[in-house]
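# Observations on the three-dimensional arrangement
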Amino acid sequence: MVRAALLTAVGAPLELAEIELPEPGPGQVRVKLAAAGVCHSDLSLANGVLRVQPPVVLGHEGAGTVTAVGEGVDSVRPGDPVVLNWAPACGSCHLCGLGEPWLCERAGEAYGQTYATLADGTGVYPGLGVAAFAEETVVAERALLPVPAGVPLTSAALLGCAVLTGYGAVHNAARVRACESVLVLGLGGVGLAVLQAARIAGAGPIIAVDVSPEKEELARRHGATEFVLADDQLSRTVRKLTGGHGADHAIECVGRGSTVRAAWSSTRRGGKTTVVGIGGKDDLVSFNALELFAFARTLSACVYGNSDPAKDIPVLAEHVLAGRLDLEALITDRIGLADIPDAFERMAAGRGGRSLIVF
């Protein structure tokens with residue numbers, strides 16, 4: 001039996017519970033968690049913006065140590081430090097064959113299968129296939145990546161989502177080049193990682209936008225050269241900061257129709273708007289046909305940083321070890337399992353950066 005934060009129904013508060021994990025089956029691995037990040041996607045699953053099947057253990061950004069392996073597992077062994085991968089690519093589907101593993105057709109196979117049980121025998125589902133809000137978890141072998149040597153195990157948890165997504169948004173999806181201007185809307189864990197990635201890319205100016213004035217110091221620490229409070233004059237303000245043109249790149253990290261529209265309106269003619277945030281299905285964004293032609297902007301989504309984690313995590317590790325990427329700076333709160341509801345409240349209110357559960 002292991003301790004976990006359990007979502008019993010959509011919209012219900014998380015409950016601490018004991019769940020029973022089976023021994024890993026063929027192709028499976030058991031992992032003792034060292035740390036897990038609290039991501040906005042977890043909140044969206046908990047409140048019903050994204051679909052989830054209760055009872056479920058949420059959490060998809062984590063790192064830990066392998067404790068047992070099932071039959072046929074040969075890439076890891078007990079004692080290995082690993083990062084959890086919530087979207088493991090199969091390598092053989094149509095989209096993987098096109099070189100787009102972040103869109104793998106089989107990445108979510110584990111989402112709809114129970115992986116543990118409660119004391120009464122009720123099956124428990126793993127949030128995004130990972131279930132990191134627990135002391136231990138069991139996942140498929142392909143859902144694990146080695147922690148690069150020299151990267152602390154606890155902070156390595158952030159490589160599993162926030163940092164991989166933020167860095168990938170800049171370097172894989174937007175393909176930001178040196179001296180290009182970057183606008184970042186929303187300064188949670190992913191937005192702060194985007195700021196660091198833009199700085200690594202040599203971008204400038206880097207304009208950070210948030211609804212909270214308290215985020216300014218945090219934003220500048222992560223690479224922002226300008227800080228702007230979100231209001232209905234944002235596009236005008238951004239043009240003033242970019243020589244009258246608008247941003248070469250606008251990266252939306254909120255997941256709301258109004259901020260997608262604000263990002264689009266703040267992008268220069270011919271520039272690129274990249275949407276990282278996950279919005280609701282009823283939250284619409286509208287454009288008129290003339291502006292699509294007149295501004296010639298590109299609007300695209302970014303899924304999991306458009307990353308291949310097996311290739312990109314070693315690159316991130318190089319930046320960490322060289323001091324260019326600061327994982328610890330992203331963490332503003334270190335918490336326990338019982339503190340996840342408070343972390344959700346801070347996130348909903350736009351306070352702080354990443355909350356990290358340390359086991």
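A few points on the structure. (Residues numbered from 1 in each chain as written. Predicted model: local features only at pLDDT ≥ 70, side-chain atom pairs only at ≥ 80, totals over all residues. Heavy atoms only, no water.)

All right, on to the layout of surface pockets then. What the second largest pocket holds in volume is close to 350 Å³. Lining of the second largest pocket is provided by 24 residues; of these, Q28, A110, Q113, V139 and A140 occupy positions nearest its centre. Residue contributions to the lining of the second largest pocket peak at 3 residues, all from strand β9 (residues 136-140). For the lining of the second largest pocket, the class distribution of residues is 15 nonpolar, 6 polar and 3 charged. (1 Å grid on protein atoms, 1.4 Å probe; cavity = no way out; pocket = protein on both sides within 12 Å on 5 of 7 lines; lining within 4 Å. Points joined across faces, edges and corners; volume = space filled by probe spheres on them. Helix = DSSP H or I, 4+ residues; strand = E, 2+ residues; numbered from the N terminus. Nonpolar A, V, L, I, M, F, W, Y, C, P; charged D, E, K, R; others polar.)

By definition, the strands of a sheet pair up through backbone hydrogen bonds, in either a parallel or an antiparallel sense. On the basis of which strands lie adjacent, the open sheet formed by 6 strands has the order β13-β12-β11-β14-β15-β16 and parallel pairing. Across the chains shown, the open sheet's two edge strands, defined by having one partner strand only, are β13 (226-229) and β16 (298-301). Strand-to-strand twist across the sheet, computed as the mean angle between neighbouring axes with direction ignored, equals 20°. Alignment of strand β11 (residues 182-185) against strand β14 (residues 247-252), held across 4 bridges, turns out to be parallel. Within β14, the position partnered with V182 by the bridge is H249. (Pairing = 2+ DSSP bridges. Axes fitted to C-alpha atoms, helices over the stretch in contact; angles between N-to-C directions.)

Another aspect to go through is the sheet that holds strand β4 (residues 56-57). Pairing within the open sheet is mixed, and its 5 strands lie in the order β2-β1-β4-β8-β7. Each edge of the open sheet is held by one strand with a lone partner, namely β2 (15-19) and β7 (116-117). The sheet contact formed by strand β1 (residues 2-7) and β2 spans 5 bridges and is antiparallel. Bridging from a neighbouring strand, V2 pairs with I19 of β2.

Take the pairing of strand β15 (residues 267-275) next. Bridge count for β14 against β15 is 5 bridges, and the pairing is parallel. Among the inter-strand pairings, E252 is bridged to a residue of β15, identified as V275. For the crossover from β14 across helix α8 (residues 257-265) to β15, the handedness is right-handed. Note that β15 and β16 share 4 bridges and pair parallel. Residue pairing in the sheet places T273 in a bridge with L299 of β16. (Right-handed = clockwise from strand over helix to strand, strands pointing away.)

Without other data, these values stay purely geometric and don't point to any function.
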